[in-house]
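Summary of the model geometry
This is what each chain is made of:
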Amino acid sequence: MYVNIESKQDVLRKQLDEDLKFNKYDSNDLEIYAATFTFQKGYGMAGVILNKKSDGGGVLVTYESNLISKSDQGKQKEKIIKWMKSFKFNNNMKKE
């Protein structure tokens, strides 16, 4: 699989105007790069979710939560990573 990960991460950095620091999370069929960010009234994560079974397939996502206390951010991060790991790609699409 070839995807320029850095360029996808840069898209999210520019979109959110944040200096995001990405961490890699592996799942069975997915390769996930995710970073946390905060904003005035909340907390969120941005991520690149790649399909390991496809050549170059993937999505960019952001998830924002309003009014999350600092003490709840760890729990929220776990929920968001779990959500990202739940993505399913259609690997049966025929190439034309």
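So, a few notes on the structure that sits alongside this text. (Residues numbered from 1 in each chain as written. Predicted model: local features only at pLDDT ≥ 70, side-chain atom pairs only at ≥ 80, totals over all residues. Heavy atoms only, no water.)

Looking at the packing of aromatic side chains
All told, the structure shown has three aromatic pairs when counted by the stated rule. Taking the centre distance of 5.3 Å and the plane angle of 55° together, the rings of Tyr63 and Trp83 count as tilted. Here Tyr63 is found in strand S4 (residues 58–66), whereas its partner Trp83 is found in helix H2 (residues 73–85), with 20 residues between them in sequence. Judged by relative accessible area, Tyr63 falls into the partly exposed class, the value being 31%. (Phe/Tyr/Trp six-rings, centres within 6.5 Å; stacked < 30°, edge-to-face > 60°. Helix = DSSP H or I, 4+ residues; strand = E, 2+ residues; numbered from the N terminus. Buried < 20%, exposed > 50% of the residue type's maximum accessible area, 1.4 Å probe, protein only.)

With respect to the environment of Met45
Along the chain, Met45 turns up in strand S3 (residues 42–51). The sequence separation of Met45 and Val59 amounts to 14 residues, and the corresponding C-alpha distance is 14 Å. Setting aside chain neighbours within four positions, we find Met45 in contact with Ala34, Ala35, Thr36, Phe37, Val61, Thr62, Tyr63, Lys77, Ile80, Ile81 and Met84. (Contact = heavy atoms within 4.5 Å.)

A closer look at unusual backbone geometry
Positive phi outside glycine occurs at Asp17, with the angle close to 55°. Following the sequence through the fold, Asp17 ends up in the loop between helix H1 (5–16) and strand S1 (23–26). Here Asp17 falls in the exposed class, since its relative accessible area comes to 69%.

None of the figures reported here should be taken as evidence of function without further support.
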